[in-house]
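Below, each chain spelled out in residue letters.
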Amino acid sequence: MIFQVINMSFALPEIFMMVMACIVLLVSAFMGKDSSSVSYWLSQFTLLITAFIIYLSISGTGGITFYGSYIKDPLSDILKLSICIINIFVLSYSWYYLKVRNLFNGEYYALATFATLGMLIMVSSTHFITLYLGLELLSLCLYAMVAMKRKSAMATEAAMKYFILGALASGMLLYGMSIIYGATGSLSLASISTAIQIGHLDNTVLSFGLVFLTIGIGFKFGAVPFHMWLPDVYHGAPTAVTLFISTAPKIAAFSMIMRLFVDGLENLHQYWQGMLIVLSVLSMIIGNVVAIAQTNLKRMLAYSTISHVGFLLLGVLSGTNEGYAASMFYVLIYALTTSGSFGMIILMGRNGFEADNISDYKGMNERNPWFAFMMLILMFSMAGIPPMAGFYTKLMVIKSLISVDLILLAIIAVLMSVVGAFYYLRMIKVMYFENPIEQIKLQAPIDIRILFSSNALLVLLIGIFPSSLMTICITIFS
Amino acid sequence: MQHLIFYSFASILLFTSMMVIIVRNPVRAALCLVLSFFTSAAIWLFLEAEFLAITLVLVYVGAVMVLFLFVVMMLDIAETPLQEGFTRYFHVGIFVAFVITIEMIAVLGASHFGLGILPSPIEHPEGYSNTKALGRLLYTIYVYPFEISAVILTVAIVAAITLTLRKKKRKTQDPADQIKVCREDRIRIVKMSVASPQKDNEEVES
Amino acid sequence: MNQNLLLIIVLAPLLGSIISGLLGKQVGRMWSHRVAIAGVGLAFIISIWVFKLVVFDDQTYNGQVYQWMQVGSISFEIGFLIDSLTAIMILVVTFVSLMVHIYTIGYMHHDDGYTRFFSYISLFTFSMLMLVMSNNFMQLFFGWEAVGLISYLLIGFWYKKPMAIYANLKAFLVNRIGDFGFLLGIAAVLMYAGSLDYVQVFIQAPEIAKKTISIFSDVQWSVMSLTCILLFIGAMGKSAQVPLHVWLPDSMEGPTPISALIHAATMVTAGIFMVTRMSPLFEFSDTALSVILVVGATTAIFMGFMGLVQNDIKRVIAYSTLSQLGYMTVALGASAYAAGMFHLMTHAFFKALLFLAAGSVMISLNHEQDIRKMGGLRKYLPITYWTSLIGSLAIIGFPGMSGFFSKDLIIESEHISSITGHDFAYFAILISVFITALYSFRLFFLVFHGQEHFTLHNGKQLHEPSIAVRIPLILLAIPSAVGGMFIGSIVFGDFFDGVILVLPEHNVLAYFGEEYHGLVSFILHGLMTTPFLLALLGVSVAYIIYVKRPNIAVRLRQRFTWFHKVLVNKYGFDNFNDKVLAGGSRLIARVFWKIGDLTLIDGVIVNGSAKIVGLAARMVRHIQTGYLYHYAFAMILGVWLLLTLFVV
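Residues numbered from 1 in each chain as written. Chains lettered and ligands numbered in written order. Predicted model: local features only at pLDDT ≥ 70, side-chain atom pairs only at ≥ 80, totals over all residues.

1. Things to note about the overall build of chain A
(1) Moving on: Counting its secondary structure elements, chain A contains 20 helices and two strands.
(2) Moving on: Computed over the C-alpha atoms, the radius of gyration of chain A is 21 Å, within 12% of the 23 Å expected from 2.2 N^0.38 for a compact globule of 478 residues.
(3) Moving on: Dimensions along the principal axes, computed over C-alpha positions, put chain A at roughly 70 × 55 × 40 Å.
(4) Moving on: The buried share among the 478 residues of chain A stands at 62%.
(5) Moving on: Taking contacts inside chain A between residues at least 6 apart in sequence as the whole, the part at least 24 apart equals 79%. (Helix = DSSP H or I, 4+ residues; strand = E, 2+ residues; numbered from the N terminus. Rg over C-alpha atoms; globule rule 2.2 N^0.38 Å. Buried ≥ 20, exposed ≤ 12 C-beta atoms within 10 Å, placed from the backbone. Contact = placed C-beta atoms within 7 Å.)

Written out as structure tokens, the structure is:
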């Protein structure tokens, strides 16, 4: 056995975050009732410092360490950085939500930090086992977070569904991994890739394993038909948790698909392309169509998430660097926009009132024109209307399809984004053209107002100047 | 002989696993699961994976399943009634299960996983320690996943406690307090007049 | 040249606009105008510096500032092209805009929308600067549209006046027609040159000129002619050439500073500037040049006539703008781009001056606009009087004044040009010299001389408006008077070398360049030419008719009733547009609305598909039953689907 010197410095962000997560945990355990604000600030500090560490190491050399289970490359750096930044936003919203309702103690932030750690591990994994463990760490935290509001029957039910279906999906993912392991004799993605490249492998077995990997990924993303948990969980969980689930974990899921399919199994592109096409078309159609029938905003956003997942997969399945870059851009913008949208729900609500029905937004323009305008930006971005960032993401994804001659798919995507525009615009109609039910002016503390505004304006700003972020995405994959 | 033993264990394993889902009495289902764990441990022994086999028996059968049985018995769940609509979906379910099984057999059969394609496992020399090999791997090559598993276990504990700990008032003993205690804290001597015979000296536990 | 410097030029007015517009309430009126003026002032100062760099240090700049996006091989970007043409344009734009900003302090003093107004005019300046500094068609189009949009906002600034709303809608619609042509032109450029970058396109111009395209059946059209004419249609909209001129007189409904800004320095010059910028394309199409020539000449003469019968002080000046724009266009048609640009510059100064002077008169007379109710204002408003005189002399081309040089040059260029239609153009603009003199001095005499027809309310003393109004008048009068001195260096020198392309066979200005022997001889020569005599005649006639013998005017009007009627009806353009075009399209629209929209689209397509989608949505929603085993079963079905499709 050869002993390699493990290059710990690559994993500095994870190490730091793990230590801090334990500290947050200890603080919340020992301070009892009053721990929430201390743990909140500690976890924000953790995210900030981790982001800073990652930022410092971006220019540094990359490489593989921990005996081929940990990778540091531009993709992991950028995704980790965005996960940290998005989570800073998300935790700030959650803080407001939980404080107003006097919910949960420090454990929430401890779990959130652990979940973030799980995401970071996933992003940096280049090994089946690390990937799986990272995923489980993340999922476990999410299950617990959904169930944390114990008195709410809906939350408990949602957590139960999420947990059982998640376990099923994890089982399938593991099964797929073991099949691939059986065929290639390796767990490390790099050696799997070489094994497939050399050839003489049984493609039937590989594609069989691939089906189960696809299911695992599809479940994590919430792609049809593995999406059933998503509306119930989004709806049932406390909004702060929904916000958490719907943003950064999607970035982690994106890294999962990139690691598994592109780093590991790119040579099986012809097989997974077809599978992703099925998932993507179904997701776009079901997500957009069912969203129309929703009256609950959280549910509507859940279905909109499903449809966005469909779009996101389009870029990946094109199998080109351009497509990967487009999908990455898509997922980053998606996370940002979604955090704003759920942020709006949090802002609108107060103790005992969730503001998650679309009718709660009637006449919002009269109650607070600025918020209504910010929400308009977010909805426009989701619908893909220029000059919001969402337009550009859709454009890039569809462009990547056209460049590989998947014209029919591109047409479906365009049609579905038209259908999708309907319910986003309906939201705007409700906000601007209907009479408010209650006349109270909307109030929120200044910090949360600034946070929300900057979130929405960032979406607009990236829409006007998309090329900086886009260039980053493109250089990663070229 | 080997074949005979393998196939009997394997068929017991399949049978008991099926029974876990099919039987309606939860206690029986749990017991079936125990049996299936035993048989799979036995199959692992064939593969010379003694450590894993023993761990399976010790940890899963000995701890997890026993706990499970306790819970099931304490909750006193009667036979679960048939889920509403079970029959309605039964044939569809059977059909899909059947098709998937066929497909899986087609892929996982001997044509793809037979001994002609995959090498048979190497027999280890005498004195080979399975446990040692595992330990060596876990603490070297797989140290990173190993650490992550530790974190996962921590989170599992945290999650379990957060979700189940309902009352903030806990029954705890504080040794420091117990040691610090002195006589005056516990005993109050009340002086009473002798006239009333009903109440004598009285000790009051605090 | 430093890119950041150029960025400041465009961003300073934008910042001013944002601050005074969004934060107007917070910072107050005083700070609003201070910020806006500071922004434009800064832009002006840097423009001078840039002008110096370009002209004296021979520096140019062409570079990308920001790439917005890349689609295929086409790059959409923001970039600047700074050469002598741009340098002179930004100088003129920022100078006039600065004057208008200062003037506005006095003019809009009592208006409620004070900060909003400053925000708009700064934004307008920003858009115009983006337009002229662009190095690609995309940004040009952005500036083009932005200018159109803000002019809409500005003309309708007093949005409670029905006429203002009508006028801004009209301006917007007419500009849309022009923009449509322009957009098609850009599309043609993109299609044949495969790029939006000026330099790239210009390099390929000679090749494109050889191509033809068949639009209807087999008739072959020259691609270059088609492209250039389409682009010119855009210019016709912005620079108000017949028949897309109708918006300009009506736009007088906006506040006077706007009239000065739109008509003197910014919007209307956009078309002239664009054609000059595109000279490497237009040069390759004689057909397009002829079209330009004829349209310009028609505008010059017929719009001049209408100035004669207007009684609204601003409308008279508006028609004179139309006529002067005709001059510039004619110059472009004769390939005398430099002369056209030169006239654009001198016109910017004296037209801004005339408008601001008119505004000054209006302020003094409580916003009275009818020139029949003025007269004899000379002794009350000395500064306005003298500056107006300078402006009027400049516009009629009095020797020595700025207008003289540019105008004379254009007229002579027509004379020797070889483009089809140059004879017509020559005579048209000769006649319009007379007309220009006539209406300009009709206005001048009616306002400043003769009897006092105005009544002052409650004994108010008539006096010059505030200092903020007077300063711009004086500052503008100076270049109006002496601006022509630079003709030698700008038109005949190597000022525009390498910027404007003129093919040798079109090069009329070179001929004058050889003949040119300094300013004095140019002026002396001018004293003996027909245009000068015609102008003199015009002034004298105006003097006789409107000052000495006012009854002649009345008698003339009776004698030529029909002609007067035609003019008052604006040749029927407005009626035609209202009745036939607007009425017709309303009719067609109604038909389409009834049949197409209500029945087909709303009934069948929209409601139909909405119904189907809604139905599907409700149906699919039932799948989401909430039962865990259904969910799990769905997943298993997914497994089955994928396995069946892709493995077995």
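2. With respect to the overall build of chain C
(1) Moving on: Tallying secondary structure elements over chain C gives 27 helices and four strands in all.
(2) Moving on: Here the C-alpha radius of gyration of chain C, 28 Å, is about what a compact globule of 648 residues would show, namely 26 Å.
(3) Moving on: Its C-alpha atoms give chain C principal-axis dimensions of about 105 × 65 × 50 Å.
(4) Moving on: The long-range fraction of contacts in chain C, counting pairs at least 24 apart against all pairs at least 6 apart in sequence, stands at 80%.

3. Things to note about the nonpolar core
Nonpolar side chains tend toward joint burial in soluble globular proteins.
(1) Moving on: Ranked by size, the top nonpolar core spans 212 residues in total, and within it Leu137, Cys141 and Val146 of chain A carry the most contacts.
(2) Moving on: At 18 residues, helix α14 (residues 321-348) of chain A tops the list of elements feeding residues into this core.
(3) Moving on: With residues up to four places along the chain from it excluded, the contact list for Leu137 of chain A reads Phe114, Leu117, Gly118 and Ile121 of chain A together with Ile148, Val151, Ile152 and Val155 of chain B.
(4) Moving on: Within the second largest apolar cluster, 209 residues are counted, among which are Ile82, Val291, Val295 and Phe444 of chain C. (Core = buried A, V, L, I, M, F, W, Y, C linked by C-beta atoms within 7 Å.)

4. Observations concerning the interface of chain A and chain B
(1) Moving on: On the chain B side, the residues contacting the 29 residues of chain A number 17 residues.
(2) Moving on: Secondary structure elements with two or more residues in the side of chain A that touches chain B: α1 (12-31), α4 (107-123), α5 (128-147) and α8 (203-221) of chain A.
(3) Moving on: No other element matches α5 of chain A, which puts 10 residues into the side of chain A that touches chain B.
(4) Moving on: Along the lines of polarity and charge, the residues of the side of chain A that touches chain B split into 21 nonpolar, four polar and four charged. (Nonpolar A, V, L, I, M, F, W, Y, C, P; charged D, E, K, R; others polar.)

5. Focus: the environment of Leu519 of chain C
Residue and element names in this part refer to chain C.
(1) Moving on: By secondary structure assignment, the location of Leu519 is in helix α22 (residues 519-526).
(2) Moving on: On the basis of neighbour count, Leu519 is assigned to the partly exposed category, with 15 C-beta atoms found within 10 Å.
(3) Moving on: In the structure, Leu519 is positioned 114 residues away from Phe405 in sequence and 9.2 Å away in space, judged by C-alpha atoms.
(4) Moving on: Not counting the four nearest positions on each side in its chain, Leu519 is found in contact with Met485 and Gly488.

6. Observations regarding unusual backbone geometry
(1) Moving on: Note the cis peptide between Val224 of chain A and Pro225 of chain A, where omega equals 5°.
(2) Moving on: For the bond from Pro386 of chain A to Pro387 of chain A, the omega torsion is 5°, close enough to zero to count as cis.
(3) Moving on: Mapping Pro387 of chain A onto the fold places it in the loop between α16 (369-383) and α17 (389-403).
(4) Moving on: Backbone geometry places Asn102 of chain A, a non-glycine residue, at a positive phi of 55°.
(5) Moving on: Inspection of the secondary structure puts Asn102 of chain A in the loop between α3 (74-101) and α4.
(6) Moving on: With a phi close to 60°, Glu48 of chain B is a non-glycine residue in the positive phi region.
(7) Moving on: By the element assignment, Glu48 of chain B lies in the loop between α2 (26-46) and α3 (50-75).
(8) Moving on: On the neighbour-count criterion, Glu48 of chain B (15 C-beta atoms within 10 Å) is partly exposed.

7. A word on the interface of chain A and chain C
(1) Moving on: On the chain C side, the residues contacting the 28 residues of chain A number 26 residues.
(2) Moving on: Looking at the side of chain A that touches chain C, the elements that each hand over two or more residues are α6 (153-184), α8, α9 (229-236) and α12 (269-292) of chain A.
(3) Moving on: With eight residues, α12 of chain A is the largest single contributor of residues to the side of chain A that touches chain C.

8. Section: helix α15 (residues 337-364) of chain C
For an α-helix, the turn length of 3.6 residues means that residues three or four places apart are oriented alike.
Residue and element names in this part refer to chain C.
(1) Moving on: The end-to-end C-alpha distance of α15 is 40 Å, a good match for the 40 Å that 28 residues give at a rise of 1.5 Å each.
(2) Moving on: His347 marks the point of greatest bend in α15, at about 25°.
(3) Moving on: Most of α15 is tucked away: 27 of the 28 residues are buried.
(4) Moving on: At the exit of α15 stands Asn366, carrying a positive phi of roughly 55°. (Expected span 1.5 Å × (residues − 1). Bend = angle between axes of the 7 residues up to and from the residue.)

9. Structural notes on the packing of α6 of chain A against α8 of chain A
All names here are of chain A.
(1) Moving on: Direction vectors running N to C along α6 and α8 enclose 150°, while the axes themselves pass 8 Å from each other. Taken together, the axes of α6 and α8 are roughly antiparallel relative to one another. For the crossing formed where α6 meets α8, the hand is left-handed. Touching Ala169, Ser170, Met172, Leu173, Tyr175, Gly176, Met177, Ile179, Ile180 and Ala183 of α6 are Val205, Leu206, Phe208, Gly209, Leu210, Val211, Phe212, Leu213, Ile215, Gly216 and Phe219, all from α8.
(2) Moving on: Here the residues of the contact of α6 with α8 are counted per class, giving 17 nonpolar, four polar and no charged. (Axes fitted to C-alpha atoms, helices over the stretch in contact; angles between N-to-C directions. Parallel < 35°, antiparallel > 145°, perpendicular 65-115°, else oblique. Left-handed = near helix turned anticlockwise from the far one by under 90°.)

10. A short note on α12 of chain A
(1) Moving on: With 24 residues, α12 of chain A extends 34 Å from end C-alpha to end C-alpha; this agrees with the ideal 34 Å at 1.5 Å per step.
(2) Moving on: Extensive coverage of α12 of chain A is indicated by the burial of 18 of its 24 residues.

11. Overview of the confidence of the model for chain C
Residues and elements named next belong to chain C.
(1) Moving on: When the pLDDT values of chain C are averaged, the result is 82; 94% of them are 70 or greater.
(2) Moving on: Here helix α26 (residues 573-623) stands out as the least confident element of chain C, with mean pLDDT 70; helix α4 (residues 114-133) is the most confident, with 90.
(3) Moving on: Here the predicted complex carries an ipTM of 0.90, next to a pTM of 0.71. (pLDDT = per-residue confidence, 0-100.)

12. Regarding the environment of Leu451 of chain A
Residue and element names in this part refer to chain A.
(1) Moving on: Residue placement: Leu451 occurs in helix α19 (residues 446-464).
(2) Moving on: You can call Leu451 buried: it has 22 C-beta atoms within 10 Å.
(3) Moving on: Residue contacts for Leu451: discarding those within four places in its chain leaves Phe89 and Ser92.

13. A word on the environment of Pro231 of chain A
Residues and elements named next belong to chain A.
(1) Moving on: Secondary-structure assignment places Pro231 in helix α9.
(2) Moving on: On the neighbour-count criterion, Pro231 (27 C-beta atoms within 10 Å) is buried.
(3) Moving on: Separated by 73 residues in the primary sequence, Pro231 and Ser304 place their C-alpha atoms 9.8 Å from one another.

14. Concerning the packing of α1 of chain A against helix α2 (residues 35-57) of chain A
Residues and elements named next belong to chain A.
(1) Moving on: Packing of α1 against α2 leaves a shortest axis separation of 9 Å and a crossing angle of 175°. It follows that α1 is roughly antiparallel to α2 by the angle criterion. Along its contact with α1, which presents Leu12, Pro13, Phe16, Met17, Met20, Ile23, Val24, Val27, Ser28 and Met31, the element α2 presents Ser35, Val38, Ser39, Leu42, Ser43, Thr46, Ile49, Thr50, Ile53 and Ile54.

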